[in-house]
Amino acid sequence: MRRFAPLPFASRKEAALMGDDDLSLSQDEFLALEGDAAALLLVARVYALRGRGCDADAAVVVAVHPQISVSEAASLIQRGCDPRTDLRILR
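Residues numbered from 1 in each chain as written. Predicted model: local features only at pLDDT ≥ 70, side-chain atom pairs only at ≥ 80, totals over all residues. Heavy atoms only, no water.

K.L.:
How should I be thinking about the overall build of the chain in this particular structure?
P.N.:
The number of helices and strands found in the chain is six helices and zero strands. Helices (α) and strands (β) of the chain occur, in sequence order from the N terminus, as α-α-α-α-α-α. Considering the chain as a whole, with its 91 residues, one finds that 40% of them fall into the buried category. The contacts in the chain between residues at least 6 apart in sequence include a share of 39% that link residues at least 24 apart. A total accessible area of about 5,600 Å² is found for the chain, and carbon and sulfur atoms account for 53% of it. (Helix = DSSP H or I, 4+ residues; strand = E, 2+ residues; numbered from the N terminus. Buried < 20%, exposed > 50% of the residue type's maximum accessible area, 1.4 Å probe, protein only. Contact = heavy atoms within 4.5 Å. Areas by Shrake-Rupley, 256 points an atom, 1.4 Å probe, with all protein chains shown as cover.)

K.L.:
I would appreciate a short explanation of helix H4 (residues 56-63) in the present structure.
P.N.:
Three or four residues apart is the spacing at which side chains of an α-helix point the same way, because the helix has 3.6 residues per turn. Three or more residues of H4 are buried, namely Ala-58, Ala-59, Val-61, Val-62 and Ala-63. On its buried face, H4 sits against helix H3 (37-51), helix H5 (70-78) and helix H6 (83-90). Two to three positions downstream of the cap, the backbone nitrogen of Asp-57 sits 3.2 Å from a side-chain oxygen, assigning the N-cap of H4 to Asp-55. (Polar contact = N/O pair within 3.5 Å; in protein donor to acceptor, adjacent residues only side chain to side chain.)

K.L.:
For this particular structure, what's the right way to read the packing of H3 against H4?
P.N.:
A packed helix pair is summarised by two numbers, namely the angle formed by the two axes and the spacing between the axes. Here H3 crosses H4 at 140°, and the two axes come no closer than 9 Å. One finds that H3 runs oblique with respect to H4. H4 is crossed by H3, and the crossing has right-handed handedness. Residues Leu-42, Arg-45, Val-46, Leu-49 and Arg-50 of H3 form the contact with H4, whose own contacting residues are Ala-56, Ala-59, Val-60, Val-62 and Ala-63. For the contact of H3 with H4, the per-class residue count stands at eight nonpolar, no polar and two charged. (Axes fitted to C-alpha atoms, helices over the stretch in contact; angles between N-to-C directions. Parallel < 35°, antiparallel > 145°, perpendicular 65-115°, else oblique. Left-handed = near helix turned anticlockwise from the far one by under 90°. Nonpolar A, V, L, I, M, F, W, Y, C, P; charged D, E, K, R; others polar.)

K.L.:
Sorry if this is basic, but what is going on with the packing of H4 against H6 here?
P.N.:
Viewed as axis vectors pointing N to C, H4 and H6 meet at an angle of 25°, and their least axial separation amounts to 9 Å. Comparing the axis directions of H4 and H6 gives the class roughly parallel. The handedness of the crossing between H4 and H6 comes out as right-handed. From H4, Ala-58, Val-61 and Val-62 reach across to H6, where they touch Pro-83, Arg-84 and Leu-87.

This is the structure in structure tokens:
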């Protein structure tokens, strides 16, 4: 499995947010993020999905939906489910 470089975090709060293995937030929580925290979350989700074996396209499709669980989405994708179908299943 390919490893990705660690992500730089501007604060302990952001680091704690990204430390959550699932990296999911409700839509309201995501919209309330300040500064670059939203971008960092999306990048962290892509990294997490790629680290779980998802290809880049699938990772981006799922990553931009912060309410979707990274671990559940990756599990479905690894079993051959199309990422767009993942979104319909997991919403």
